[in-house]
Structure formats: C-alpha cells, structure tokens
Amino acid sequence: MFTGIVITVVFAVLNIIGIKITSFVDRIFVALLFIVMIGYSVMSLPYFNINYFEPFAANGINSIFSTAAFVFISFGGLLKISSVAEEIANPKKNIPLGLFAALIVTTIIYTTVTFILVGTAPASKISNSLTPMADSAGQLFGENGFLIITLASVLAFLTTIIAGIMSASRYPFALSKDNLFPSFVGRVSKSFNTPVVSILITSGLIIISLFFSLDHLVKAASTIMMTTCVLSNIAVIILRESGMHNYRPGFKAPFYPVLQLLSIILFIGMIVDLGYSSINISLFFVFLSISIYFVYGAKKAKKTYALLHLIERITNKEITSTFLESELRDILRHRDNMKIDKFDRMIKKAELLELEESINLTDLINILIKHISSLGYKNIQINQTDIEDSAITGFVAVPHLVVEGDKPFSIIIIR
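### Observations concerning the packing of aromatic side chains
As enumerated under the stated definition, the model contains seven aromatic pairs in all. Taking the centre distance of 5.9 Å and the plane angle of 80 degrees together, the rings of Y47 and F141 count as edge-to-face. Of this pair, Y47 sits in the loop between helix 2 (19-44) and helix 3 (62-70) while F141 sits in helix 7 (residues 132-168), and the two are 94 residues apart along the sequence. Residue classification places Y47 among the partly exposed residues on the basis of a relative accessible area of 42%. With 5.1 Å between their ring centres and 25 degrees between their planes, F48 and F115 make a pair best called stacked. Taken together, the residues span a long stretch of sequence, with F48 in the loop between helix 2 and helix 3 and F115 in helix 5 (residues 91-120) at a distance of 67 residues. For F48, a relative accessible area of 26% gives the class partly exposed. Its relative accessible area of 42% is what places F115 among the partly exposed residues.

Given below as structure tokens:
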C-alpha cells in the first residue's frame, strides 16, 4: 500500500508539472509494454495446445458475459481520449481517430494475449491465479520469464495511473468551469498551466481506493464504465432527436438508433450479471451526481437539458431557453477554430421582439418607434412604404432606419 501511495504522489506531481512530460513518460511505458506482450505471444506459439480450450464455457455461456463485464475496465482508456478533448489538436478529426485506433489495437492485443495464455497453460494452473500471465511465462521460460511479465504488469499499472490522473482530473475541472463544482476546483497553476486542485483531488481519491479490496474495486470501476456507456448512448439518442440547430457532431455513430439501443440493453445486462453490489454502486453514483447537481450546480449554473428540447419537439410547446444552443455554438466555434467577427457580435447582441399575435403594419410601426425611442433615439419616423419596399418575401422584410448619432448601428429582430 505504501508503494502505491508513493507512486500516486510521484505521478500526481508529474501531471502538475505538465501534460507534455506526462505524455512522454506514458508513451515510453506503453512502448515497452507492447514489446513485452508481443514478445510473449510470439515466443509462446511453439507451446500452444488447442486442447487447453476444452471444455468450452464449462460454467455456461453466461459466464462469458459475466467475465466480460468484470474485465470491462480494461477498455477504460477509451474514455481518457475524450476527457482531455480540450487539450487535443484538431479534436474533430483526432478524437474519433484516437478512439477507433485505441479500440482496434487494444482488442487485437487483448484477444491475442488471452488466446495464447489459455492455449499454453492448463486451466488448473491459471483459473485461481491472480497472476496467470506471469505464471504461464514462468512455466514456459523459467524465472526470467516470470520476472519480465511481472515487470510488464507494473508498467501496465504505471501507464494506467499516469493516464488515469491526467484524464480523471479533467472531469472536476470541466464541471468547475461550468459552475457545477466550486470555482476553486478549476484553479489552474500559473507556472505549469495545469488544474492543480483537480489533480490533487483525483490523486487523493486514488489513494483512498487503495484501502478497498481488489475485487470490489474492479467491479466498481467496470460498473461505472458501463453506466457511463449506457448514459452516453441515451445522450446520443436524445441529442439526435432533439432537433437542436447547433448540434453538429464531427462524427456520427453509424447504424443509428439500432447500435445505441443494443448497446444500452447489452451494458445493462452486463451490469446485472455482476450482481446486486454492482447495481447498487451504479445507482449510488448516479444518485450522488444528481444530488450534487441539485444541491450546488443548479443554483450556480444556468443550464437547460437536451431532453427538454426533445419534449418541446414532441409537444410542439416552447419550454426551453437558448442556453444549450448557445453552449453548443461556442463548442462548434472552439472545435472548428471559427473566428468571431463584427457581424457575429452584432447578431449576438441583437434584440428580439416576440409578438404574441398577428398585428397590422401600422401597429408594428408604433411598437418599433416606441422601442427605438426607449433606446435614447429621438424624432424617429418610420413609413409604411419603408417596410413594404424592403420585403424579401411575403414573410420576411429587412427595413433600415437612419438615425442621428456616432455609429449607432444595431439590429432588432421582430418575430
């Protein structure tokens, strides 16, 4: 445990110093880990025995799904890519590319190593082992093989904790920026330009987790991962069906909505397979998150839900504000490096007059004169022909009015 605490502190400091140093160290560890795993797979091939796969699924097919759910945390690195999106160059291209590359490479390596492992060691030797790969290497290559695989396991742990602190710390940092967490959590170091408080909180939680049993930790981590996948798929469906103008993702998931619905069903089934404790863990964190939002976030941040936009679309009633559309628009500008020019700022500041019912042109002119006069302009005159002559269609007109003053250009939108 003491070793785990020391390692956590060391890599917390590395994360505080900067993401470049952290990424460099992580890449070296990952490269060494790949070399060892590929070397183990190649050198073990001569000892491969297909008979070790018999009997197949001795405890039933359901045991395969239970095992998949238990080790799902192995794919946790996929979420790390999107969690550091703000620090990724060209995220529109590189995030989907990184996710697919990580998924393909990880799946190939995990499948190959597991296949070789099962085919080179009898079930009786690895079924109850906490270090099956090291035991297999020890049996095939002696003490040196056992030592190398053990060191590779340490490397795997180190790469996990490096990337884990880096990515997990960005969640409270992002929540703080959105006023859903206290502002001090998002404090950035002036020297290193990293979220120091968020990194320290994340590292503290990792140290606390060292006091729990490995079995409970793995189940909790896998459950949280699968719950995240369920919620993400639900979010995709809600966003797609909400009809929001500014929802324009750089990558669209294929086979919608079949893929999303199947994923939701599959992940819920895997969570249930892990047992009641996993369901309770999942419900606890959902309840905790909702509680934090309503106790703190809802009072500090003005947010609207994509779900309300979906309900609005179904009921044909206006029940939402423009906050979410504005937030998505800002994301698009940041993602696509769109520059805000003078016209963009003018439209953003434009006043919108909502007319509750149909009125004639004379009443509209009186409303406009009264409104423009309230802005400080005097002697306002608007002729009916000014509006009629500016009509583009039977529904749209773009009249203009010259007033006295130093560049008092503004736009008023009447609907």
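### A few points about the side chain of T159
Here T159 lies in helix 7. A residue is classified by how much of its surface remains accessible, and T159, at 11% relative accessible area, is buried. Separated by 2.8 Å, the side chain of T159 and the backbone oxygen of A156 make a polar contact. Apart from the residues within four sequence positions on either side, T159 is in contact with D26, F29 and V30.

### A closer look at the layout of surface pockets
The calculated volume of the second largest pocket comes to roughly 1,200 Å³. Ranked by residues supplied to the lining of the second largest pocket, first place goes to helix 16 (residues 361-374) with four residues. In terms of residue class, the lining of the second largest pocket is made up of 25 nonpolar, five polar and four charged.

### Some details on the nonpolar core
Ranked by internal contacts, the top residues of the largest apolar core, which has 14 residues, are M37, Y40, V113, M133 and I149. Among the elements of the structure, helix 2, helix 5 and helix 7 are those that each provide at least two residues to this core. Sort the elements by how many residues they give to this core and helix 7 lands first, with five residues. Excluding anything up to four places from it in sequence, Y40 contacts V113, I116, L117, T120, M133, S136, A137, F141 and I149.

### Things to note about the packing of helix 7 against helix 9 (residues 196-209)
Two packed helices can be described by the angle between their axes and the distance between those axes. Contact pair helix 7 / helix 9: the axes reach a minimum separation of 8 Å and the direction vectors enclose 130 degrees. Classed by the angle they form, the pair helix 7 and helix 9 counts as oblique. When the axes of helix 7 and helix 9 are compared, the crossing they make is right-handed. Contacts between helix 7 and helix 9 pair I161, I165 and A168 from the former with I199, T202, S203 and I206 from the latter.

Reading the values: rules and limits
Residues numbered from 1 in each chain as written. Predicted model: local features only at pLDDT ≥ 70, side-chain atom pairs only at ≥ 80, totals over all residues. Heavy atoms only, no water. Phe/Tyr/Trp six-rings, centres within 6.5 Å; stacked < 30°, edge-to-face > 60°. Helix = DSSP H or I, 4+ residues; strand = E, 2+ residues; numbered from the N terminus. Buried < 20%, exposed > 50% of the residue type's maximum accessible area, 1.4 Å probe, protein only. Polar contact = N/O pair within 3.5 Å; in protein donor to acceptor, adjacent residues only side chain to side chain. Contact = heavy atoms within 4.5 Å. 1 Å grid on protein atoms, 1.4 Å probe; cavity = no way out; pocket = protein on both sides within 12 Å on 5 of 7 lines; lining within 4 Å. Points joined across faces, edges and corners; volume = space filled by probe spheres on them. Nonpolar A, V, L, I, M, F, W, Y, C, P; charged D, E, K, R; others polar. Core = buried A, V, L, I, M, F, W, Y, C linked by side-chain atoms within 4.5 Å. Axes fitted to C-alpha atoms, helices over the stretch in contact; angles between N-to-C directions. Parallel < 35°, antiparallel > 145°, perpendicular 65-115°, else oblique. Left-handed = near helix turned anticlockwise from the far one by under 90°.

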